[in-house]
Amino acid sequence: SQKIEQNSEALNIQEGKTATLTCNYTNYSPAYLQWYRQDPGRGPVFLLLIRENEKEKRKERLKVTFDTTLKQSLFHITASQPADSATYLCALIRTGYQKVTFGTGTKLQVIP
Amino acid sequence: EAGVTQSPTHLIKTRGQQATLRCSPISGHTSVYWYQQALGLGLQFLLWYDEGEERNRGNFPPRFSGRQFPNYSSELNVNALELEDSALYLCASSTGPLGYTFGSGTRLTVV
């Protein structure tokens, strides 16, 4: 089965810096890769989706890259703010399926 | 546009009892997904319903079951509750793979 690895250790960065989160997967190459934000006690909020034939996607201060050779996605938040502090989840969808498989997430703490 | 709504927000049950959790998807979304998130763990896929049918099931025992109604709302039932069933249960809806919309979840506590 698909295994998704995200850095389980919290990432602490200074306000204004760029935060980079990593998502690695094994086995099949997903058709879609998604990133979500989750605040404590709340449901995840969808941020970005990137398709297997796309290398990069941007949305405001967010950037996602997708390298199917390395089986890795990187999620960047530029000019980070304390309000960006949350857990960020990587999620994969396999070709022909609709079920989404989630990673365990990386907790980001932006220090003022 | 109303988002995905879940009820109740919190639920406390005794071991061995049954719990019923409810979810209303976004209007127009026919697919509903249920996930379990135990404390400190990732989201574990439970069930996927689409057009009233169960389409896929995660690696959970049969005492986890559910259904989808004609109006696409859904119910998750957990029978013979065990302490380890304590978790945040999340419902999501979508029209396809372009991103789920999650509800705020039901916090189930089994004592």
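See above for the structure.
Residues numbered from 1 in each chain as written. Chains lettered and ligands numbered in written order. Predicted model: local features only at pLDDT ≥ 70, side-chain atom pairs only at ≥ 80, totals over all residues. Heavy atoms only, no water.

Examining the overall build of chain A
Then step 1. On a plain count of helices and strands, chain A comes out with zero helices and eleven strands.
Then step 2. If you list the helices and strands of chain A from N to C, you get β-β-β-β-β-β-β-β-β-β-β.
Then step 3. For chain A, the C-alpha radius of gyration of 13 Å lies close to 13 Å, the compact-globule estimate for 112 residues.
Then step 4. With respect to the principal axes defined by its C-alpha atoms, chain A has extents near 45 × 30 × 20 Å.
Then step 5. Counting only residues that meet the buried cut, chain A has 44% of its 112 residues in that class.
Then step 6. Considering only contacts in chain A between residues 6 or more positions apart, those separated by 24 or more positions represent 55%. (Helix = DSSP H or I, 4+ residues; strand = E, 2+ residues; numbered from the N terminus. Rg over C-alpha atoms; globule rule 2.2 N^0.38 Å. Buried < 20%, exposed > 50% of the residue type's maximum accessible area, 1.4 Å probe, protein only. Contact = heavy atoms within 4.5 Å.)

Let's talk about the interface of chain A and chain B
Then step 1. Counting residues at the interface gives 19 residues for chain A, matched by 22 residues for chain B.
Then step 2. Note on chain A versus chain B: buried area summed over both sides is about 1,600 Å², and carbon and sulfur give 59% of it.
Then step 3. Viewed at the interface, chain B and chain A are joined by zero salt bridges.
Then step 4. The interface formed by chain A and chain B contains four residue pairs in polar contact (both at pLDDT 80 or more).
Then step 5. Contributions of two or more residues to the side of chain A that touches chain B are made by strand E4 (32-38), strand E5 (45-51), strand E9 (86-93) and strand E10 (100-102) of chain A.
Then step 6. With four residues, E4(A) is the largest single contributor of residues to the side of chain A that touches chain B.
Then step 7. Class assignment of the residues belonging to the side of chain A that touches chain B gives a composition of nine nonpolar, seven polar and three charged. (Buried area = accessible area lost by both parts, 1.4 Å probe. Salt bridge = Lys/Arg side-chain N within 4 Å of Asp/Glu carboxyl O. Polar contact = N/O pair within 3.5 Å; in protein donor to acceptor, adjacent residues only side chain to side chain. Nonpolar A, V, L, I, M, F, W, Y, C, P; charged D, E, K, R; others polar.)

Structural notes on the side chain of A:Thr106
Residue and element names in this part refer to chain A.
Then step 1. If you trace the backbone, threonine 106 turns up in strand E11 (residues 106-111).
Then step 2. At a separation of 2.8 Å, a polar atom in the side chain of threonine 106 contacts the main-chain carbonyl oxygen of asparagine 7.
Then step 3. For threonine 106, the residues in contact, after removing those within four places along its chain, are Gln6, Asn7, Glu9, Leu11, Leu21, Ala86, Thr87 and Tyr88.

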